[in-house]
Amino acid sequence: MSKLKSEVTIVSYGIYTQWDAKAKSLPKIQEFTTEVIAQIDIEFGMVVNFKKAKGEKIKFCIYHPDIPNDDGEVMPPFEGEEYVGNNNWDFYLGDTIWAPVSNKLGEWRMTIELKGKVVADKTFDLIQEEEKNEANFWKKRGF
């Protein structure tokens, strides 16, 4: 008998309400975007749905700009593993910004792997508030 092929879909991505790791519910999407104004406690990431993958192990990773730890050394990417809870399972992968904001600016890439293959990949550009304007919009698009 052949095993059903897993289905993986990015349901939402962008800015969310604060996530409570102890709560059963996932944070709620507030704005679909990959450009995030860096502010303390802003919650950003993605919700990914897994179908036909119950019991499979996923690996997730958050690659962030070169953020130093308390000793001044660059922190490694945040990595972890989780088992798919059921056959229609939503998983939130996200992060939040802490002080100082200045060293959190840049690209934050979030990936999820299933069976050794990247099945969800989203990069968020954390910017200062004054960078989010019309001139920057056109500059980023090569005009």
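Just so it is clear, the structure is predicted and the values come from calculations on it, not from any experiment.

Novice: What is the right way to read the sheet that holds strand 9 (residues 117-127) from this model?
Specialist: Two strands in a sheet stick together by hydrogen bonds in their backbones, pointing the same way (parallel) or opposite ways (antiparallel). The sheet built from 5 strands is open, its strands ordered 3-9-8-5-6 with mixed pairing. Looking at which strands have only one partner, the edges of the open sheet turn out to be strand 3 (35-37) and strand 6 (78-83). Neighbour-to-neighbour, the strand axes of this sheet turn through a mean angle of 20°, independent of strand direction.

Novice: Even after reading the chapter, I still don't get the sheet that holds strand 7 (residues 88-96), so can you show me in this structure?
Specialist: Reading across from one edge, 2-1-4-7 is the order of the 4 strands in this open sheet, with antiparallel pairing throughout. Because the sheet does not close on itself, it has two edges, and the strands there are strand 2 (29-32) and strand 7. Sheet twist, expressed as the mean angle between neighbouring strand axes with direction ignored, is 40°. Alignment of strand 1 (residues 7-16) against strand 4 (residues 43-51), held across 9 bridges, turns out to be antiparallel. Paired with Ile-15 across the bridge in strand 4 is Phe-44.

Novice: Would you mind going over the nonpolar core with me for this structure?
Specialist: By size, the foremost hydrophobic cluster in this structure holds 25 residues, and its most contacted members are Phe-44, Phe-50, Ile-58, Phe-91, Leu-93, Ile-112 and Leu-126. For this core, the secondary-structure elements that each account for two or more residues are strand 4, strand 5 (57-63), strand 7, strand 8 (106-114) and strand 9. Ignoring any residue separated from it by four or fewer positions in sequence, one finds Ile-112 in contact with Met-46, Val-48, Phe-50, Ile-58, Lys-59, Phe-60, Phe-91, Leu-93, Lys-117, Val-118, Val-119 and Ala-120.

Novice: Explain the side chain of Thr-33 to me, please; I cannot follow it from the model alone.
Specialist: Positionally, Thr-33 belongs in the loop between strand 2 and strand 3. We classify Thr-33 as buried; its relative accessible area is 11%. Within the structure, the side chain of Thr-33 is placed 3.0 Å from the backbone nitrogen of Glu-35, a separation counted as a polar contact. Discounting chain neighbours no more than four positions away, the residues touching Thr-33 are Tyr-13, Gly-14, Ile-15 and Phe-124.

Novice: Can you help me understand the pairing of strand 5 in this one?
Specialist: For a regular strand, the rule is simple: side chains alternate between the two faces of the sheet. Of the pairings in the sheet, the one linking strand 5 to strand 6 comprises 6 bridges and is antiparallel in character. Looking across to strand 6, one finds that Lys-57 is bridged to Tyr-83. Two strands pair when backbone bridges link them, and strand 5 and strand 8 are joined in this way by 6 bridges, in the antiparallel orientation. In the strand pairing of strand 8, Ile-62 is matched with Met-110.

Novice: I'm lost on the environment of Ile-37 in this one. Help?
Specialist: Following the sequence through the fold, Ile-37 ends up in strand 3. Each C-alpha atom, one on Ile-37 and one on Gln-128, is 5.6 Å from the other, the two residues being 91 residues apart in sequence.

Conventions used here
- Residues numbered from 1 in each chain as written.
- Predicted model: local features only at pLDDT ≥ 70, side-chain atom pairs only at ≥ 80, totals over all residues.
- Heavy atoms only, no water.
- Pairing = 2+ DSSP bridges.
- Helix = DSSP H or I, 4+ residues; strand = E, 2+ residues; numbered from the N terminus.
- Axes fitted to C-alpha atoms, helices over the stretch in contact; angles between N-to-C directions.
- Core = buried A, V, L, I, M, F, W, Y, C linked by side-chain atoms within 4.5 Å.
- Buried < 20%, exposed > 50% of the residue type's maximum accessible area, 1.4 Å probe, protein only.
- Contact = heavy atoms within 4.5 Å.
- Polar contact = N/O pair within 3.5 Å; in protein donor to acceptor, adjacent residues only side chain to side chain.

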